[in-house]
2 protein chains.
Amino acid sequence: MNAIQSYIKQHKERFINELIDLLKIPSISADSTYRNDVLKTAEAIKKSLEKAGCDAVEICTTDGYPIVYGEKTIGKHLPTVLIYGHYDVQPPDPLDLWKSPPFEPITKATEKHPDGAIFARGACDDKGQLYMHVKALEFMTATNQIPCNVKFMIEGEEEVGSANLATFVKNNHKKLANDVILISDTGMIANDVPSITTGLRGLSYVEVEVTGPNRDLHSGLYGGAVANPINILTKMIASLHDENNHITVPGFYDKVEELSKEERDEMAKAPFNLENYKNALDIDAVYGEKGFTTNERNSIRPTLDVNGIWGGYIGEGAKTVIPSKAFAKISMRLVPHQDWDEVTQLFKTHFESIAPKGVKVKVTPHHGGQGYVTPIDSVGYRAASKAYETTFGKTPIPQRSGGSIPIVALFEKELKSKTILMGFGLDSDAIHSPNEHFGIWNYLKGIETIPWFYKYFTEMFE
Amino acid sequence: MNAIQSYIKQHKERFINELIDLLKIPSISADSTYRNDVLKTAEAIKKSLEKAGCDAVEICTTDGYPIVYGEKTIGKHLPTVLIYGHYDVQPPDPLDLWKSPPFEPITKATEKHPDGAIFARGACDDKGQLYMHVKALEFMTATNQIPCNVKFMIEGEEEVGSANLATFVKNNHKKLANDVILISDTGMIANDVPSITTGLRGLSYVEVEVTGPNRDLHSGLYGGAVANPINILTKMIASLHDENNHITVPGFYDKVEELSKEERDEMAKAPFNLENYKNALDIDAVYGEKGFTTNERNSIRPTLDVNGIWGGYIGEGAKTVIPSKAFAKISMRLVPHQDWDEVTQLFKTHFESIAPKGVKVKVTPHHGGQGYVTPIDSVGYRAASKAYETTFGKTPIPQRSGGSIPIVALFEKELKSKTILMGFGLDSDAIHSPNEHFGIWNYLKGIETIPWFYKYFTEMFE
């Protein structure tokens, strides 16, 4: 990959400005108010792929938001890399915690990003990391160094469960045929500690509704005499963890993969400082499942978290009301071998069973996906590892991530190929949080590293 | 009180329309957005008192919303009745459950109100019941039948704790001097079962805030490893009741008045049908403190209810976030002898003490007030009882209410006079709920009954 560094240096400003333009479009897939912006983003991605050198780019309609598909064919005898990414973003709220508007990108230096970082929703997850691949393609085509065939599949519903992508993949085995899938939608340990994600957690996301009386009631006239849906909901949620923070849903742990002592010892070698971790979050103690370390709790163990709760009067001042209904959004992170459909059903059955008389309970599954583990001896992993060695000068550490990319397990099932997760973000980049950002150094390092993966993968491929 | 029925019949339409005009003003004291409407309502009350025959009416400014004061003096030797009411209303939300807009009053018949009811926020609590007194005064002055002196004290902050009324009362003993205080801000058992409220519960209203990490976090990367403020809040709230639904705050029950078997047997005589109660609320079971009946649970026993809860993502769709903060509004209904300041402190101390490591907890007292009991052998009670007998043809039943009028205990302490609670609403009138209404029959019956109270009270008074 001759002259890649000089190419990046020469086009650096343009690479940054093109990403900033993309970040200005509020492509929030969870909120239908932004429908036109999501569609506009798909168009922008299509144009960028055409400019970067794809032969054929199309916007494939689905029952939801479209999938942008593009390809660059070099030769039938050569291997094919399928790039996956998503152009939709998480809702930005709470807005009042953003130091600058989420869709008006600004660049400023931080302690971890002395060369500057771009602050905007989607900067890291996933517009920034996705766009690294577009620019890597541009370099390879512009300098006639593209060693293999490339396909792009960029969706707009990752943040809401990828329901239509699943259908698209099932119906397009031939079109999507590939030898390895490459995704940059994860992070690495630190800029001087490169890592490759070898495991992802699965996800089950549900919404629960507790209904008491058929109308809001005066808490003076009815207080103490009828089941208050909020009080009941808190009791039900509280009962989902025992005193050791084990999840109490019957059968929940049945298929959980138990790691060997060796594997856990290996994990424990990853650099981690508990004091720094607590200080960064301004907490006086960590909290979680008894018998596991922080790094184990957020990677190899399943979890149950309430992501949202609401009911009754939440406005200014006071209102003495017993509401008719209370609601919560609850997600469970699952580990390999746990089936998300099965866990969702276990939760539903259990949650409905613990409802006391006097209330009605409804559990609505939102979406979910299976966990995933990738072996470190595959051609793809070895090619990725060598690419990092080339550009970082260090062998990357294999790392299990606590996050979920629900679609990855489906890719393997449908397309029979392994996925390699080359992520260049940092945990501190605040994805899904206010002030999400992506280091400019990381952005450019990704653009530099990706072409080496193509080169090594093609060389190692039989 | 000659010809009162014919006077009401003659002016019925005007009485209804005047109330409807008053109900059109959204005087929501809890929400500062409606500040001008609250002030406008005070002006409207002032005008209505002047029209009804008060000699002097003034708008007394406070640190919050003003108090409308009016008086009609007949003679120094005659007793003085002080009328208290409030012109502010509860917030109307949830708006989507209203069948007609809360501030666009409509009249329609219901099962319990075959002669029609006025639907609007404040129809019963308290604009409708307050306006009965204005119209009763109009009748007495228009027909020269007013038997004693009358004073009106109408505030605009009852729904938010009457903080400034307390100061006003403390500073105006002479101006407010009276022989009995009359309030219509409660209900009666049924239109054919008149009752007088002899007890009110006290109130302690607090807001709690649980803070975990210093920013919203991605539930995949941090889930299971840090304390989730929502999960913690649900655990803390759930722990406030034990398996018998006793409140677990240490010292909470220390001063609770235990009623004798005789008193409880007497209470049990009030007509009550559990099936009808459950059907009216569409619940399959009642729920509450073990060892007490429904009527006891909502009148002679203290309670703890969550009136509002919120945290995390509560918008459309899904967001996998661990929020930095979670909140709840919690109110406790107190019985006579429980001191609200003391209980608030007990709650604060306990709630902060049960916070696990990993979160910070803040408890902010909102407002509160003491409970109240009035004897049934006082002149005021006997005069009220006789007034009901005259207009309903039945002796009213003394009844403890679960509601709170925090200021009543203070009236007795500061003004050294008893309060008589002549309420004409029904529990089914949905005060504090969507579709609040007030029966036209009840409205007119109140106007008819009140003058008889003046007459009998003056006759019985020594």
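Residues numbered from 1 in each chain as written. Chains lettered and ligands numbered in written order. Predicted model: local features only at pLDDT ≥ 70, side-chain atom pairs only at ≥ 80, totals over all residues. Heavy atoms only, no water.

### A short note on the overall build of chain A
Okay, step 1: Helix and strand content of chain A: 13 helices and 18 strands.
Okay, step 2: On C-alpha atoms alone, chain A measures out to a radius of gyration of 23 Å, which is about the 23 Å that the 2.2 N^0.38 rule sets for 462 residues.
Okay, step 3: Each principal axis of the C-alpha distribution contributes one length, and for chain A these read about 80 × 50 × 45 Å.
Okay, step 4: Taken over 462 residues, chain A has a buried fraction of 63%.
Okay, step 5: By sequence separation, contacts in chain A at least 24 residues apart represent 78% of the contacts at least 6 residues apart.
Okay, step 6: Summing over all exposed atoms, chain A offers an accessible surface of approximately 16,900 Å²; the carbon and sulfur share of this is 52%.
Okay, step 7: Separation between the mean location of the 49 positive side-chain charges and that of the 60 negative ones in chain A comes to 2 Å. (Helix = DSSP H or I, 4+ residues; strand = E, 2+ residues; numbered from the N terminus. Rg over C-alpha atoms; globule rule 2.2 N^0.38 Å. Buried < 20%, exposed > 50% of the residue type's maximum accessible area, 1.4 Å probe, protein only. Contact = heavy atoms within 4.5 Å. Areas by Shrake-Rupley, 256 points an atom, 1.4 Å probe, with all protein chains shown as cover. Lys, Arg positive; Asp, Glu negative; His and termini not counted. Charge placed at Lys NZ, Arg CZ, Asp CG, Glu CD.)

### Remarks on unusual backbone geometry
Okay, step 1: For the bond from Asp93 of chain B to Pro94 of chain B, the omega torsion is 5°, close enough to zero to count as cis.
Okay, step 2: In this structure, Pro94 of chain B sits in the loop between β3 (80–86) and β4 (106–108).
Okay, step 3: In this model, Asp125 of chain B is joined to Asp126 of chain B through a cis peptide bond whose omega is 5°.
Okay, step 4: Along the chain, Asp126 of chain B falls in the loop between β5 (117–119) and α3 (127–142).
Okay, step 5: The backbone phi angle of Ser162 of chain A is positive, close to 55°, even though this residue is not glycine.
Okay, step 6: Among the secondary structure elements, Ser162 of chain A is positioned in the loop between β6 (149–155) and α4 (163–171).

### Here we look at the sheet that holds strand β9 (residues 202–211) of chain B
Okay, step 1: Judged by pairing direction, the sheet is antiparallel, and its eight strands sit side by side in the order β14(A)-β9(A)-β13(A)-β11(A)-β11(B)-β13(B)-β9(B)-β14(B) without closing on themselves. Of all strands in the sheet, those bounded by a partner on one side alone are β14 (360–369) of chain A together with β14 (360–369) of chain B. With direction set aside, neighbouring strand axes in the sheet form an average angle of 20°.
Okay, step 2: Relative to strand β13 (residues 325–334) of chain B, β9 of chain B runs antiparallel, the two sharing 10 bridges. For Glu209 of chain B, the partnering residue across the bridge sits in β13 of chain B and is Phe327 of chain B.
Okay, step 3: Across the sheet, helix α10 (residues 340–353) of chain B is in contact with β9, β11 (303–312), β13 and β14 of chain B; its angle to β14 of chain B comes to roughly 165°. (Pairing = 2+ DSSP bridges. Axes fitted to C-alpha atoms, helices over the stretch in contact; angles between N-to-C directions.)

### Observations regarding the domain arrangement of chain A
Residues and elements named next belong to chain A.
Okay, step 1: Along its sequence, chain A is organised into domain 1 (4–200 + 371–460) and domain 2 (203–256 + 302–369).
Okay, step 2: Taking the mean C-alpha position of each, domain 1 and domain 2 sit 35 Å from one another.
Okay, step 3: Domain 1 puts 11 residues into the contact, and the matching count from domain 2 is six residues.
Okay, step 4: Summed over both partners, the interface of domain 1 with domain 2 comes to about 640 Å²; 56% of that surface belongs to carbon and sulfur atoms.
Okay, step 5: Of all residues in domain 1, Gly371, Ser404 and Pro406 bury the most surface against domain 2, accounting for 53% of the area lost on that side.
Okay, step 6: Remark: the boundary between domain 1 and domain 2 carries one residue pair in polar contact (both at pLDDT 80 or more).
Okay, step 7: Split into classes, the residues belonging to the side of domain 1 that touches domain 2 amount to five nonpolar, five polar and one charged. (Domains from an automatic or database assignment. Buried area = accessible area lost by both parts, 1.4 Å probe. Polar contact = N/O pair within 3.5 Å; in protein donor to acceptor, adjacent residues only side chain to side chain. Nonpolar A, V, L, I, M, F, W, Y, C, P; charged D, E, K, R; others polar.)

### With respect to the interface of chain A and chain B
Okay, step 1: At the interface, 94 residues of chain A touch 94 residues of chain B.
Okay, step 2: Carbon and sulfur atoms supply 52% of the area that chain A and chain B bury against each other, a total of about 7,900 Å² over both sides.
Okay, step 3: Linking chain A to chain B there are two salt bridges.
Okay, step 4: Across the pair Lys360 of chain A and Asp282 of chain B runs a salt bridge, and its minimum N-O distance is 3.9 Å.
Okay, step 5: Joining chain A to chain B, the criterion identifies 53 residue pairs in polar contact (both at pLDDT 80 or more).
Okay, step 6: Class assignment for the residues of the side of chain A that touches chain B results in 39 nonpolar, 34 polar and 21 charged. (Salt bridge = Lys/Arg side-chain N within 4 Å of Asp/Glu carboxyl O.)

### Re the relation of the copies chain A and chain B
Okay, step 1: Turning chain A through 180° and shifting it by 0.1 Å along the axis lays it on chain B, with an RMSD of 0.1 Å. On this basis, the relationship between the two copies can be described by a two-fold rotation axis. (Least-squares fit on C-alpha atoms with pLDDT ≥ 70 in both.)

### Thoughts on the pairing of strand β7 (residues 180–183) of chain B
Residues in a regular strand project their side chains so that they alternate between the two faces of the sheet.
All names here are of chain B.
Okay, step 1: A two-sided burial pattern is seen for β7, the buried positions comprising Val180 and Leu182 on one face and Ile181 and Ile183 on the other.
Okay, step 2: For β3 and β7, the ladder comprises four bridges, and the chain directions are parallel. Across the sheet, Leu82 pairs through a bridge with Ile181, a residue of β7.
Okay, step 3: Where β7 meets strand β17 (residues 419–421), three bridges bridge the pair, whose relative direction is parallel. Directly across from Ile183, in β17, lies its bridge partner Leu421.

### Re the UniProt feature "domain: Peptidase M20 dimerisation" (unreviewed entry) in chain A
Okay, step 1: Per the UniProt record, the feature "domain: Peptidase M20 dimerisation" (unreviewed entry) sits at residues 199–358 of chain A.
Okay, step 2: Between the first and last C-alpha atoms of residues 199–358 of chain A the distance is 43 Å; the span itself is 30% helix and 22% strand. (UniProt positions renumbered as here; feature names shortened; annotations may be inferred.)

### Looking at the sheet that holds β4 of chain B
Residue and element names in this part refer to chain B.
Okay, step 1: The sheet built from three strands is open, its strands ordered β4-β5-β18 with antiparallel pairing. A strand with exactly one partner marks an edge of an open sheet, and here the two such strands are β4 and β18 (437–439). Along the sheet, successive strands turn relative to each other by an average axial angle of 25°, direction set aside.
Okay, step 2: Sitting on the sheet, helix α13 (residues 440–460) is in contact with β4, β5 and β18, with an inclination near 60° to β18.

### Focus: the side chain of Thr198 of chain B
Okay, step 1: Looking at where Thr198 of chain B falls in the secondary structure, it is placed in strand β8 (residues 195–200).
Okay, step 2: In this view, Thr198 of chain B contacts Tyr372, Val373, Thr374, Ile376, Tyr381, Pro398, Gln399 and Arg400 of chain B; residues no more than four positions away in its chain are not counted.

### Describing the packing of aromatic side chains
Residues and elements named next belong to chain A.
Okay, step 1: What the rule picks out here adds up to 34 aromatic pairs over all chains.
Okay, step 2: Geometrically, the ring pair formed by Phe438 and Tyr443 is edge-to-face, given 6.2 Å between the ring centres and 65° between the ring planes.
Okay, step 3: Aromatic ring contacts, followed pair by pair, group Tyr388, Phe392, Phe424 and Trp441 into a single cluster.
Okay, step 4: Directly above the ring of Phe119 sits Lys108, whose terminal nitrogen or CZ lies 4.5 Å from the centroid. (Phe/Tyr/Trp six-rings, centres within 6.5 Å; stacked < 30°, edge-to-face > 60°. Lys NZ or Arg CZ within 6 Å of the ring centre and 35° of its normal.)

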